[in-house]
There are 2 protein chains.
Amino acid sequence: MPFPVPPPSHANCTGAMRSVRDALDLLGGKWKLPIIVGLSNGPQRFKQLQREVAGITAKMLSKELKELEINGLITRQVDAATVPVAVTYTLAAYGNTLFPVIEALHAWGREHRIRIMHSGETTAPKASRVVEVVA
Amino acid sequence: MPFPVPPPSHANCTGAMRSVRDALDLLGGKWKLPIIVGLSNGPQRFKQLQREVAGITAKMLSKELKELEINGLITRQVDAATVPVAVTYTLAAYGNTLFPVIEALHAWGREHRIRIMHSGETTAPKASRVVEVVA
DNA sequence: CCGTATCCTCATCGATACTG
DNA sequence: CAGTATCGATGAGGATACGG
């Protein structure tokens, strides 16, 4: 039983895989990780964050922040006292529970890049788009 | 320094995040995981695999298998002796190195689902599309 | 059986302009 | 500053048909 598939019968892998898919969906996309990392350096205003996450548009930032907030990973505070209003985003404590996940992805990805680059030097399945080996 | 961001300066998060993005890209998409899980039950012929991974088209299966093979996660063997040819796909030993990653995603996703369902029962940010809470 | 070729739909993301 | 609205490009993924 190599992978987290509860019953010997492989019929309902769906159940076991839903959790993985959930996590993947939450971290997937182009901007979720950069935003989380950006906020891991401390609370940020909207515009600050946009500068930090280089290349993101206001539309995407707004949309992604909404999803992250709904999932409890970040917190949104509005200071209406100022003019114009100031909005601060903070990585919620719950956001730190992602650390092991990100660490696992990071560790594997790093090793994989090394492996792919080495196999490219020797002889291996031709890598047309292995994983975007840049340099 | 909460997350794997090497220098105190947050300027070049890109380097640290590339590995994560690589891993995410490799596991992302709709079919990668189901295929890997399917093959974790043992070697499979193309058609067998297509039946096991319910809903996938031949086109997608072919495409995904190619990517997985290029990245060394699976192996492709052709038995040209038979008519018609028989092709067998096997989860490579290297494929098992993904286990910790999948396990981390699985563990977090499971806890998150529980958390979201609970917060939905009490009072929390309205979840319009929290993470597709089905039931 | 093992795929590939074509065409199509739809979600994601970017660019730009605009409001409170 | 903190977003929203609108349009357009792009790519993932599906349906169907066909070839080796």
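Each remark here, short or long, concerns the structure printed above.
Values in this document were obtained by computation on a predicted structure and should not be read as measured data.

**Description of helix H2 (residues 32-39) of chain A**
Counting buried residues in H2(A) gives eight out of eight residues, a clear majority hidden from the surface. All buried positions along H2(A) are accounted for by A:Lys32, A:Leu33, A:Pro34, A:Ile35, A:Ile36, A:Val37, A:Gly38 and A:Leu39.

**Considering the nonpolar core**
Counting 58 residues, the largest nonpolar core has A:Leu27, A:Ile35, B:Leu27 and B:Ile35 as its most contacted members. Each residue touching B:Ile35, except ones within four places of it in the same chain, is listed here: B:Leu49, B:Val53, B:Ile56, B:Leu61, B:Glu64, B:Leu65 and B:Leu68.

**A few points about unusual backbone geometry**
Geometrically, the link from A:Val83 to A:Pro84 is a cis peptide bond, its omega value of 0 degrees lying close to zero. Within the secondary structure layout, A:Pro84 lies in the loop between strand S2 (74-79) and strand S3 (86-91).

**Examining the sheet that holds S2(A)**
All names here are of chain A. The strand order across the open sheet built from three strands is S1-S3-S2, with neighbouring strands paired in antiparallel fashion. Lying at the two open borders of the sheet, with one neighbouring strand each, are strand S1 (44-45) and S2. As paired elements, S2 and S3 share six bridges and run antiparallel to each other. Within S3, the position partnered with valine 78 by the bridge is valine 87. Docked against the sheet, H2 engages S1, S2 and S3, running at close to 95 degrees with respect to S3.

**Description of the protein's contact with DNA strand C**
Taken together, 18 residues are adjacent to DNA strand C, and A:Lys59, B:Arg45, B:Ser62, B:Arg76 and B:Tyr89 come closest. The sugar-phosphate share of atoms of DNA strand C within 4 Å of the protein amounts to 69%. One of the side-chain N or O atoms of A:Lys59 is found 2.3 Å from a base oxygen in DNA strand C. A distance of 2.4 Å separates a phosphate oxygen of DNA strand C from a polar atom in the side chain of B:Ser62. Of all elements in the fold, only helix H4 (58-70) of chain A together with helix H3 (46-52), helix H4 (58-70) and strand S3 (86-91) of chain B reach the threshold of two or more residues within the surface near DNA strand C. Examining the composition of the surface near DNA strand C, we find that four residues originate from one element, H4(B), more than from any other. Its residues assigned to classes, the surface near DNA strand C comprises eight nonpolar, two polar and eight charged.

**Observations regarding the sheet that holds strand S2 (residues 74-79) of chain B**
All names here are of chain B. Reading across from one edge, S1-S3-S2 is the order of the three strands in this open sheet, with antiparallel pairing throughout. The strands lining the two open edges of the sheet, one partner per strand, are strand S1 (44-45) and S2. In the packing of helix H2 (residues 32-39) onto the sheet, the strands contacted are S1, S2 and S3, and the crossing angle to S3 comes to about 95 degrees.

**Looking at the pattern of salt bridges**
All told, the structure shown has eight salt bridges over all chains when counted by the stated rule. Its salt-bridge partner being A:Glu64, residue A:Lys32 comes within 3.9 Å of it at the nearest N-O pair. Of the two residues, A:Lys32 is situated in helix H2 and A:Glu64 in helix H4; the sequence distance between them amounts to 32 residues. Note on accessibility: A:Lys32 and A:Glu64 belong to one class, buried. Its salt-bridge partner being A:Arg113, residue B:Asp22 comes within 2.7 Å of it at the nearest N-O pair. Of this pair, B:Asp22 sits in helix H1 (residues 13-27) while A:Arg113 sits in helix H5 (residues 99-121), each in a different chain.

**A short note on the protein's contact with DNA strand D**
As a matter of local geometry, DNA strand D sits amid 19 residues, with A:Arg45, A:Ser62, A:Arg76, A:Tyr89 and B:Lys59 nearest to it. Near the protein, within 4 Å, the atoms of DNA strand D are sugar or phosphate in 72% of cases. Here a phosphate oxygen of DNA strand D and a side-chain polar atom of A:Arg45 are 2.6 Å apart. In the model, a phosphate oxygen of DNA strand D is placed 3.0 Å from a nitrogen or oxygen of the B:Trp31 side chain. The greatest single-element share of the surface near DNA strand D, amounting to four residues, is contributed by H4(A). Of the residues that constitute the surface near DNA strand D, the class distribution is nine nonpolar, two polar and eight charged.

**Comments concerning the side chain of A:Ser19**
Structurally, A:Ser19 can be placed in helix H1 (residues 13-27). Here A:Ser19 is in contact with B:Leu105, B:His106, B:Gly109 and B:Arg110, once residues within four sequence places are set aside.

**So, the pairing of S3(A)**
Residue and element names in this part refer to chain A. Counting buried positions along S3 yields five of six residues, so the element is predominantly enclosed. Both S1 and S3 contribute to a ladder of two bridges, which runs antiparallel. Residue pairing across strands places glutamine 44 opposite tyrosine 89, the latter belonging to S3. Connecting S2 to the next strand, S3, in antiparallel fashion are six residues.

Calculation notes
Residues numbered from 1 in each chain as written. Chains lettered and ligands numbered in written order. Predicted model: local features only at pLDDT ≥ 70, side-chain atom pairs only at ≥ 80, totals over all residues. Heavy atoms only, no water. Buried < 20%, exposed > 50% of the residue type's maximum accessible area, 1.4 Å probe, protein only. Helix = DSSP H or I, 4+ residues; strand = E, 2+ residues; numbered from the N terminus. Core = buried A, V, L, I, M, F, W, Y, C linked by side-chain atoms within 4.5 Å. Contact = heavy atoms within 4.5 Å. Pairing = 2+ DSSP bridges. Axes fitted to C-alpha atoms, helices over the stretch in contact; angles between N-to-C directions. Near = heavy atom within 4 Å. Polar contact = N/O pair within 3.5 Å; in protein donor to acceptor, adjacent residues only side chain to side chain. Nonpolar A, V, L, I, M, F, W, Y, C, P; charged D, E, K, R; others polar. Salt bridge = Lys/Arg side-chain N within 4 Å of Asp/Glu carboxyl O.

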